[in-house]
Amino acid sequence: MSLRLYDTATRSVRDFVPMTPGKVGIYLCGLTVQSVPHIGHLRSAVNYDVLRRWLLHTNYDVTFIRNITDVDDKILDKAGSQSRPFWAIAHANRLVLDANYRDLNVIPPTYEPLATGHIPEMHELIEELIERGHAYPAAGGTGDVYFDVPSYADYGHLSGQNPDDMRPPSDGGEKDKRDYRDFALWKGVKSDEPRDASWPSPWGRGRPGWHIECSAMARRYLGDEFDIHGGGLDLTFPHHENEIAQSKSAGLPFARHWVHHALLNLGEAKMSKSLGNVIDVAAVQAMGIRLVELRYYLGTPHYRSRIDYSDEALREAAVAYRRIEGFVQRATEVVGPGRPKDVPPAFAAAMNDDLNTSAALAVVHDTIREGNSALAAGDEPSIRGAITAVRAMLGVLGLDPLDGAWTGKQTQNDLKPVVDSLVQLALEQRTQARARKDWAAADSVRDQLKNAGIQVEDTPAGPRWTVGEQH
């Protein structure tokens, strides 16, 4: 079974057929670095990382582009209110974003272009649109350049919007537009904006509009046509609609397949920096949730299913992952880590069915149940088969507990080495008590550890301890 993906443009799940056999080009709309990312942003990173990992697992050569918007109205507003250069704000937030991606074991993109680094490519594309009659410089010498929406007959096709139903803004909008639906390709510099946030252009100093950035950068790194364009469902309109309009009006075939992930909501509203209802990685860690558990939480639902965030759901996901982790640890103690390679057919079928990670994880848990039965029976060949399959599946999902990305992680709040030393000391006392048949003392040590949240399990390799419930 080949990979099938939901295509927003056709509103159907259809076969994914790359332009070039064995190769895939993906463009993912990255973040506007106006502030630190929240976990809704990181859901996007995890979802497309899983897509990329599955393509890599199935022997595709993947070129993965994820952009950064490092200049826009919101960043300039913050620069003004904080009396800081816009680029300093953008850079500081990008450092946090990069750290969050690493923390969640997201594979770095092939290239990660900055909007401010691709001004010439944007100028070139805008000039082509003007020459073709799809864009125009604003009258009055403002330096603005607009895309002429009525000139593109298929406008609204991606999102299902009818241009005739679009209403003009209550304030009348920009007076120099020919049509209220037209959008900015280039924004002339304003008197209250910092000069270092503008660049010379054929139409005067200014900066790019949001939509032209992605069309220009996708073309620069993936060519006139590429396989997959991804992003959040909230970008379908107007951002992706406008990308299509300007790219196709310039004669570019552009994206062959549109993949959108659903949002992460807090209450009845999407998690949004502008609404102020955000939860970031630091807040999750303060709850005692590990980074690998956060990735499990974000990656478990189908990418097109909305996540309604709650602390309880996040903690339940953490417990579920600890069960997976516990099996991997117990099986490894008996037969070693195995050599993960092939995944079970049921897992592959789930992943090929529009990246159904929920069904894929059900296969993981079924295999773990079989592995636990094999552990209880001492059936080493079956244990070895289970640990190999489980680790192969978890590797595709970026969740293998033995991956160096997780085993090597430490955070400022991670006291495991200290706790480990103290627990080992207590376990040595328990072992000595058992050796002299002082069962009361041995049980007392175990009970005290249990009261502290430490579960002890006696294994052939010696006592093993975990934090939290034992399953």
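Residues numbered from 1 in each chain as written. Predicted model: local features only at pLDDT ≥ 70, side-chain atom pairs only at ≥ 80, totals over all residues. Heavy atoms only, no water.

- Per an unreviewed UniProt entry, the chain is named Cysteine--tRNA ligase, and its organism is Paractinoplanes bogorensis.
- As recorded by UniProt, the Subcellular location (unreviewed entry) comment attached to the chain reads in full: "Cytoplasm".
- We quote the UniProt Subunit (unreviewed entry) comment for the chain here in full: "Monomer." (UniProt positions renumbered as here; feature names shortened; annotations may be inferred.)

## Overview of the overall build of the chain
So, step 1. In terms of regular secondary structure, the chain is built from 15 helices and 15 strands.
So, step 2. Referenced to the eigenvectors of the C-alpha coordinate spread, the extents of the chain come out at roughly 95 × 50 × 35 Å.
So, step 3. Relative to its 471 residues, the chain shows a buried fraction of 50%.
So, step 4. Carbon together with sulfur atoms contributes 50% to the accessible area of the chain, which is approximately 21600 Å² in total.
So, step 5. Averaging the locations of the 52 positively and 63 negatively charged side chains of the chain gives two centres separated by 3 Å. (Helix = DSSP H or I, 4+ residues; strand = E, 2+ residues; numbered from the N terminus. Buried < 20%, exposed > 50% of the residue type's maximum accessible area, 1.4 Å probe, protein only. Areas by Shrake-Rupley, 256 points an atom, 1.4 Å probe, with all protein chains shown as cover. Lys, Arg positive; Asp, Glu negative; His and termini not counted. Charge placed at Lys NZ, Arg CZ, Asp CG, Glu CD.)

## A closer look at the UniProt feature "domain: Cysteinyl-tRNA synthetase class Ia DALR" (unreviewed entry) in the chain
So, step 1. Per the UniProt entry, the sites bearing "domain: Cysteinyl-tRNA synthetase class Ia DALR" (unreviewed entry) are residues 346-407 in this numbering.
So, step 2. Annotated as residues 346-407, this span is 81% helix and 0% strand, and its ends, taken at the C-alpha atoms, are 28 Å apart.

## Description of the packing of helix H8 (residues 291-299) against helix H9 (residues 311-335)
So, step 1. Two numbers describe how H8 lies on H9: the axes approach to 8 Å, and their chain directions differ by 110 degrees. When the axis of H8 is compared with that of H9, the two are roughly perpendicular. For the pair H8 and H9, contact is made by Val 292, Glu 293, Leu 294, Tyr 296 and Tyr 297 and by Ala 313, Leu 314, Ala 317, Ala 318, Ala 320, Tyr 321, Arg 322 and Ile 324, respectively.
So, step 2. Considered class by class, the residues forming the contact of H8 with H9 number 11 nonpolar, no polar and two charged. (Axes fitted to C-alpha atoms, helices over the stretch in contact; angles between N-to-C directions. Parallel < 35°, antiparallel > 145°, perpendicular 65-115°, else oblique. Contact = heavy atoms within 4.5 Å. Nonpolar A, V, L, I, M, F, W, Y, C, P; charged D, E, K, R; others polar.)

## Notes on the sheet that holds strand E7 (residues 183-188)
So, step 1. Here four strands make up an open sheet; going across it, the order is E5-E6-E7-E8 and the pairing antiparallel. Each having just a single partner strand, strand E5 (135-137) and strand E8 (206-208) make up the two edges of the open sheet. Across this sheet, the average inter-strand angle for adjacent strands is 20 degrees, counted without regard to direction.
So, step 2. In terms of strand pairing, E7 meets E8 through three bridges, oriented antiparallel. Within the sheet, the bridge partner assigned to Gly 188 lies in E8 and is Gly 206.
So, step 3. Each of E5, strand E6 (145-147), E7 and E8 touches helix H4 (residues 119-131); the most contacted strand, E7, lies at about 125 degrees to it. (Pairing = 2+ DSSP bridges.)

## Some details on the sheet that holds strand E9 (residues 225-232)
So, step 1. The strand order across the open sheet built from four strands is E4-E3-E9-E10, with neighbouring strands paired in parallel fashion. Each edge of the open sheet carries a strand with a single partner, namely strand E4 (61-66) and strand E10 (254-261). Across this sheet, the average inter-strand angle for adjacent strands is 25 degrees, counted without regard to direction.
So, step 2. Across the sheet, helix H1 (residues 39-57) lies against strand E3 (23-28), E4, E9 and E10, angled at about 125 degrees from E10, the strand it touches most.
So, step 3. Lying over the sheet, helix H6 (residues 236-249) contacts E9 and E10, oriented at roughly 175 degrees with respect to E10.

## As for the packing of aromatic side chains
So, step 1. The tally for this structure, following the rule as stated, stands at 11 aromatic pairs.
So, step 2. On the basis of an interplanar angle of 55 degrees and a centroid distance of 6.4 Å, the ring pair of Trp 186 and Trp 203 is categorised as tilted. In this pair, Trp 186 is assigned in strand E7 and Trp 203 in the loop between E7 and E8, connecting sequence segments 17 residues apart.
So, step 3. Within the aromatic cluster, the residues linked to one another by ring pairs are Phe 226, Phe 254 and Trp 258.
So, step 4. Above the plane of the ring of Tyr 101 lies Arg 66, whose end atom (NZ or CZ) is 3.9 Å from the centre. (Phe/Tyr/Trp six-rings, centres within 6.5 Å; stacked < 30°, edge-to-face > 60°. Lys NZ or Arg CZ within 6 Å of the ring centre and 35° of its normal.)

## A short note on the state of the cysteines
So, step 1. Summed over all chains, the structure comprises zero disulfides.
So, step 2. For Cys 29, which is in no disulfide, the shortest distance to another cysteine sulfur is to Cys 214 and amounts to 3.8 Å.
So, step 3. Its relative accessible area of 1% is what places Cys 214 among the buried residues. (Disulfide = S-S within 2.5 Å.)

## Let's talk about the pattern of salt bridges
So, step 1. Applying the stated criterion across every chain yields a total of 25 salt bridges.
So, step 2. Across the salt bridge formed by Arg 94 and Asp 98, the nearest N and O atoms sit 3.8 Å from each other. Remark: Asp 98 and Arg 94 occur in helix H3 (residues 86-103); sequence separation between them is four residues, near one turn of the helix.
So, step 3. You can call Arg 94 partly exposed: its relative accessible area is 22%.
So, step 4. Two residues, Arg 219 and Asp 224, come together in a salt bridge whose shortest N-O distance is 3.3 Å.
So, step 5. Classification of Arg 219 by relative accessible area gives partly exposed; the value is 23%.
So, step 6. What makes Asp 224 partly exposed here is its relative accessible area of 39%. (Salt bridge = Lys/Arg side-chain N within 4 Å of Asp/Glu carboxyl O.)

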